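Observations on the model geometry
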Amino acid sequence: MPETARREDRPADRAPDRASGTRYGNRPTMKDVAARAGVGLKTVSRVVNGEPGVTADTERRVQEAIEALGFRRNDSARVLRKGRTASIGLVLEDLADPFYGPLSRAVEEVARAHGALLINGSSAEDPDREQELALALCARRVDGLVIIPAGDDHRYLEPEIKAGVATVFVDRPAGRIDADVVLSDNFGGARDGVAHLIAHGHRRIGFIGDMPRIHTAIERLRGYRAAMEDAGIAVEDSWMSLGVTDPERVRRAAEEMLSGPDPVTAVFTGNNRVTVTVIRVLAGLPRPVALVGFDDLELADLLQPGVTVVAQDAAALGRTAAERLFRQLDGTHLSPERIELPTRLVQRGSGEVPPSA
């Protein structure tokens, strides 16, 4: 039956023109659109949702009212009726870290391909903040979570996972729960990087890494030790330093290793933030020191010499984690899996510097 013949679909009360006096938080509603167009709420609903039964003239009037008022459909109620919010959450360590840019973008692209919105936030490497953020996202009814964990106990997520929130960890494994995780080969990458320095004649090799409670820091230190052991080199405690990646702490650690009667001749750095600080320290030395860093960094190829790195594929980490997440959401029954992606040694010059005489 045409819209004009429906007597129950009466025009709503005339709405005032909000275009000139819009207030924050005072969004136009379908009732406002109906009043402006001189139709009923059911008619506006049909136009907004693309349903049949509305004349061309009425549809035009409703569309003009929508445009004049700046009305936007509220998708939240519609998606909730389907049991989904078409949104996922991403909990990162630090939004300012260049490593997480391509990772976040990859997650977003996969989400977009599935018609979902990505909401992200930073834990600042604080376990309490990670938990607060993850649970806040769950309270907003996200369908799933991709988490780069700061803490080592994720039992707080068990009720959410049981309630149907798909969850995948990336870069580091979950603590005390079974969950999907997508990692880089941190151990193998570090071992290869240090072995590369050894192959170029170095035996006194320093390691500067992140905090020892972080999975990636421990795995990279383990790779360093393995390469040294494979070469029959006894590691001195003074060659290793783990802690916060604050430039001042890293600078002190590097200067201590590079001074004294028997300084290290090469340094392996545990992540890109550490690498940047060590590059600044090495620039002030009168002698060449070899350097291999874990994680690539912008402009590494333009320095003299270029910085040799163990590169991760951050985009592949994000993409793999997101695809795994949406497989869960699509109803595929999956046992928790550990997926490990390879790293790649990129030789640019700094890792090929021989020991100074």
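The protein is annotated in an unreviewed UniProt entry as LacI family DNA-binding transcriptional regulator of Streptomyces andamanensis.

When helices and strands are counted, the protein shows 12 helices and 12 strands. Whereas a compact globule of 357 residues would reach a radius of gyration of roughly 21 Å, the protein reaches 28 Å, over 25% beyond that. Overall, the protein is about 95 × 45 × 30 Å in size when its C-alpha atoms are taken along their principal axes. Per-residue burial for the protein yields a buried fraction of 49% across its 357 residues. Put simply, of all contacts in the protein between residues at least 6 apart along the chain, 66% involve residues at least 24 apart. When the accessible area of the protein is evaluated, it comes to approximately 18,200 Å², of which 49% is carbon and sulfur surface. The protein carries 47 positive and 53 negative side-chain charges, and their two centres are separated by 8 Å.

With parallel pairing, six strands are arranged side by side in an open sheet as β2-β1-β3-β4-β5-β11. Of all the strands in the sheet, just β2 (117-122) and β11 (338-341) have a single pairing partner and so form its edges. Within the sheet, the average angular offset between the axes of one strand and its neighbour, ignoring direction, is 15°. Sitting on the sheet, helix α12 (residues 314-329) touches β1 (87-92), β3 (144-147), β4 (166-170), β5 (180-184) and β11, and the angle it makes with β4 is about 165°.

Moving on, we come to the domain arrangement of the protein. Looking at the protein, the domain boundaries give domain 1 (3-73), domain 2 (85-182 + 315-341) and domain 3 (186-312 + 344-352). If you average the C-alpha positions of domain 2 and of domain 3, the two centres end up 30 Å apart. At the junction of the two partners, domain 2 supplies 12 residues and domain 3 supplies 10 residues. Interface area, domain 2 with domain 3, both sides summed: about 850 Å², of which 44% is carbon and sulfur. Our count for the contact surface shared by domain 2 and domain 3 stands at two salt bridges.

It is worth spelling out the confidence of the model for the protein at this point. Where the model shows low pLDDT, its predicted coordinates should not be examined in detail. Model confidence for the protein is summarised by a mean pLDDT of 92, while 90% of its residues fall at 70 or above. Counted against residues more than four places away or in other chains, residues 1-8, with its pLDDT under 50, gives 13 contacts.

Turning our eyes to something else, we now look at the pairing of β1. Counting buried positions over the six residues of β1 gives six, a clear majority of the element. Across six bridges, β1 lies against β2 in parallel orientation. Residue I88 lies in a different strand from β2, and its bridge partner there is L118. A crossover links β1 with its parallel partner β2, the connecting element being helix α5 (residues 100-113), and its sense is right-handed. In this structure, β1 lies alongside β3, joined through four bridges in parallel fashion. Following the sheet pairing, L90 is matched in β3 by V146.

Before going further, it helps to examine the sheet that holds strand β10 (residues 308-311). Adjacent strands of a sheet pair through backbone hydrogen bonds, lying either parallel or antiparallel. An order of β7-β6-β8-β9-β10-β12 is seen for the six strands of this open sheet, with the pairing classed as mixed. In this open sheet, the two edge strands, each paired with only one partner strand, are β7 (240-242) and β12 (344-346). The average angle at which neighbouring strand axes cross in this sheet is 15°, direction not considered. Pairing of strand β9 (residues 290-294) with β10, which is carried by three bridges, proceeds in the parallel orientation. Each residue of the ladder has a partner; that of F294, found in β10, is V310. Here helix α10 (residues 247-257) sits on the sheet and contacts β6 (205-209) and β7; the angle it forms with β6, its principal contact strand, is near 170°.

Cut-offs used in this document
- Residues numbered from 1 in each chain as written.
- Predicted model: local features only at pLDDT ≥ 70, side-chain atom pairs only at ≥ 80, totals over all residues.
- Heavy atoms only, no water.
- Helix = DSSP H or I, 4+ residues; strand = E, 2+ residues; numbered from the N terminus.
- Rg over C-alpha atoms; globule rule 2.2 N^0.38 Å.
- Buried < 20%, exposed > 50% of the residue type's maximum accessible area, 1.4 Å probe, protein only.
- Contact = heavy atoms within 4.5 Å.
- Areas by Shrake-Rupley, 256 points an atom, 1.4 Å probe, with all protein chains shown as cover.
- Lys, Arg positive; Asp, Glu negative; His and termini not counted.
- Charge placed at Lys NZ, Arg CZ, Asp CG, Glu CD.
- Pairing = 2+ DSSP bridges.
- Axes fitted to C-alpha atoms, helices over the stretch in contact; angles between N-to-C directions.
- Domains from an automatic or database assignment.
- Buried area = accessible area lost by both parts, 1.4 Å probe.
- Salt bridge = Lys/Arg side-chain N within 4 Å of Asp/Glu carboxyl O.
- pLDDT = per-residue confidence, 0-100.
- Right-handed = clockwise from strand over helix to strand, strands pointing away.

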